[in-house]
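Structural overview
Read off the chains here:
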Amino acid sequence: MPKDKRPYITVTLDMPDHPKYAGLNRAQKMLLIEGWIHCAKYLTDGVMDIKVWNKFGTNRDRISLLDCESVATNSDGTSVLFVDYLEHQSSRSEVEAKRNQARSAGQKGGRAKAAKASGTSSDPLSETLAPATDPLSDPSSGSVAEVEIEREVRRKEEKTSSSASPQKAKPASAKGTRLPADWTPSPDLVEAMENECPGLNLRGEHLVFADYWHGVAGARGVKADWDATWRNWMRKAYRENSGGRRLRQIGGQQNLTARELNIAQAERFKSNPNLELLRAAGLEPANLHALPGGQ
C-alpha cells in the first residue's frame, strides 16, 4: 500500500492526557491542534495574527489556552504565539531547505532519465543553469511527498549532525528559559498592565508569580516569553478579583485573592516557605515534625 503523501504535523501520543493540558476539555485541545495545523500550513513558525486567532473556537476556549500557557499574546497585542511550537514542528527555514533539496534532486533525476532515454549524457553546466521549477505545484511529485512524510526522520538526523551543520541549529531563545532570580517586568509593561487591570495589586501578584515559577520543576518551568507569561498571569488575577472574590481584610493582614490564599496554604508545607507570603495570608509554617514519621 503506498505511503500517504500529504503533509502533517507532529502530535505526541500522550498529548490528550499530558499534565500540561489537564485543565483543558476536548474542544479546547482540538482548538490547540487546529492552531498548530494553521501555523504549519502557512509556515508562520507558531505565530498567528490576532484577527485570525479571534475566529478560532469560542472566547472561553481561547482564554483557557492562554491560562494554561499554551498560547501567549505578544507585547502589542497584534498576534499570539503557540508556546514551544518549534520544539515539535518544522520551522519555515527547515521546510524551505527541504523543498530546495527535493527540487535539486528532482531536476537531476529528471535530466538523467531524459539523457538515458535519448542515449546522450547530460551537461553539468546546463544542469547548474537550468531554471528551477517548484515540485510542490505538482501534487503527484513523489520526491517532495517523500520528504514531507519522512520529515520526522530527517529532523532526528539533523539533530545528530547539528555540530557539523550549525546553520540549521535552532536559536536558543526558541527553547525558552527558566525565570531568572532577579527578573522584574519593565516599567512600560507595568504601566500597560496598570491601565489594563486597574486596582490590581501588581506588586503582590508579582511576588506570588515569582515564587510560583521559581518553584516549578522540569520543562513546565521553562518559557519562551516571560513578559507574555507575566501579562497572562496578571490578566487571570484581575478576572478573578473583578468577580468579587477578593477576601475581606482580617486582623490587619493584606488582602489576598482566593487563588493567592490557596498558594499560601501550599507554601506552609515547604521546607523553606516564603514567610512574606504566609504573613500576608495570616498563616504560620506548618509543624512538619507532627506529621507521621516526624521526630
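In this text the structure is predicted, and so the values were computed from the model without any measurement.

Some details on the overall build of the protein
Within the protein, the secondary structure is distributed over 14 helices and five strands. Burial statistics for the protein: of 295 residues in total, 33% are counted as buried. Sequence separation of 24 or more characterises 65% of the internal contacts of the protein that already satisfy a separation of 6 or more. Total accessible area on the protein is roughly 18,400 Å²; 55% of this is exposed by carbon and sulfur atoms.

Points about the sheet that holds strand S1 (residues 47-49)
One open sheet accounts for three strands, arranged S1-S3-S2; its pairing is antiparallel. Here the strands that pair on one side only, and so sit at the sheet edges, are S1 and strand S2 (71-73). In this sheet, neighbouring strand axes are inclined to one another by 30° on average, regardless of whether the strands run parallel or antiparallel. Note: S1 against strand S3 (residues 79-82), three bridges, orientation antiparallel. Pairing of Met48 across the sheet is with Val80, part of S3. Strands S1, S2 and S3 of the sheet are contacted by helix H1 (residues 26-42), whose axis makes an angle of about 100° with S3.

Focus: empty space enclosed by the protein
Rolling a probe over the atoms, with the probe sized like a water molecule, indicates the empty space that remains. With the rule as written, the count across this model stands at one cavity of 30 Å³ or more. Considering only enclosed or pocket space, the largest cavity measures out at about 50 Å³ in volume. Taken together, Glu69, Ala72, Leu81, Val83, Lys223, Ala224, Asp225 and Thr229 form the lining of the largest cavity. Partitioned by chemical class, the residues of the lining of the largest cavity number four nonpolar, one polar and three charged.

Considering the confidence of the model for the protein
Mean pLDDT over the protein stands at 78; residues scoring 70 or higher make up 73%. The model gives residues 128-132 a pLDDT under 50, and that stretch makes four contacts with residues more than four places away or in other chains. A low-confidence stretch, residues 288-295 stays under pLDDT 50, and its non-local contacts, those more than four residues away or across chains, total four contacts.

Quick notes on the pattern of salt bridges
Under the defined criterion, the tally for this structure stands at five salt bridges. Between Asp4 and Arg6 there is a salt bridge, with its nearest N and O atoms 2.5 Å apart. In this structure Arg6 comes out as exposed when scored by relative accessible area, which is 59%.

Quick look at the layout of surface pockets
Estimated volume of the largest pocket: approximately 560 Å³. Lining the largest pocket are 24 residues, and of these His18, Lys20, Tyr21, Asp84 and His88 sit closest to its centre. When contributions to the lining of the largest pocket are tallied by element, the ones reaching two or more residues are H1, helix H4 (85-88) and strand S5 (222-223). Here the element with the most residues in the lining of the largest pocket is H4; it accounts for three residues. For the lining of the largest pocket, a count of residues per class yields 10 nonpolar, six polar and eight charged.

Topic: helix H11 (residues 202-215)
Between the first and last C-alpha of H11 there are 20 Å, a value that for 14 residues agrees with the 20 Å anticipated at 1.5 Å per step. For H11, every residue scored as buried is listed here: Leu202, Gly204, Glu205, His206, Val208, Phe209, Ala210 and Trp213.

A short note on the nonpolar core
In this structure, Leu179, Met193, Phe209, Trp213, Trp230 and Met234 are the most contacted members of the largest nonpolar core, which totals 22 residues. Residues in contact with Phe209, not counting those within four places in the same chain, are Leu179, Trp183, Trp226, Thr229, Trp230 and Trp233. By size, the runner-up hydrophobic cluster in this structure holds 20 residues, among which are Tyr21, Leu32, Cys39 and Leu86.

A closer look at unusual backbone geometry
Phi is positive for Asp45, close to 60°, though the residue is something other than glycine. Tracing the chain through its elements places Asp45 in the loop between H1 and S1. Judged by relative accessible area, which is 29%, Asp45 ranks as partly exposed. You will see that Asp84, though not glycine, has its phi angle at about 65°, which is positive. Relative to the helices and strands, Asp84 resides in the loop between S3 and H4.

Some details on the packing of H1 against helix H3 (residues 59-67)
Where H1 meets H3, the axes come as close as 10 Å, and the angle between the chain directions of the two elements is 75°. With respect to each other, H1 and H3 are oriented roughly perpendicular. Of the residues in H3, those touching H1 at Ala27, Gln28, Leu31 and Leu32 are Arg60, Asp61, Arg62, Ser64 and Leu65. Partitioned by chemical class, the residues of the contact of H1 with H3 number four nonpolar, two polar and three charged.

Conventions used here
Residues numbered from 1 in each chain as written. Predicted model: local features only at pLDDT ≥ 70, side-chain atom pairs only at ≥ 80, totals over all residues. Heavy atoms only, no water. Helix = DSSP H or I, 4+ residues; strand = E, 2+ residues; numbered from the N terminus. Buried < 20%, exposed > 50% of the residue type's maximum accessible area, 1.4 Å probe, protein only. Contact = heavy atoms within 4.5 Å. Areas by Shrake-Rupley, 256 points an atom, 1.4 Å probe, with all protein chains shown as cover. Pairing = 2+ DSSP bridges. Axes fitted to C-alpha atoms, helices over the stretch in contact; angles between N-to-C directions. 1 Å grid on protein atoms, 1.4 Å probe; cavity = no way out; pocket = protein on both sides within 12 Å on 5 of 7 lines; lining within 4 Å. Points joined across faces, edges and corners; volume = space filled by probe spheres on them. Nonpolar A, V, L, I, M, F, W, Y, C, P; charged D, E, K, R; others polar. pLDDT = per-residue confidence, 0-100. Salt bridge = Lys/Arg side-chain N within 4 Å of Asp/Glu carboxyl O. Expected span 1.5 Å × (residues − 1). Core = buried A, V, L, I, M, F, W, Y, C linked by side-chain atoms within 4.5 Å. Parallel < 35°, antiparallel > 145°, perpendicular 65-115°, else oblique.

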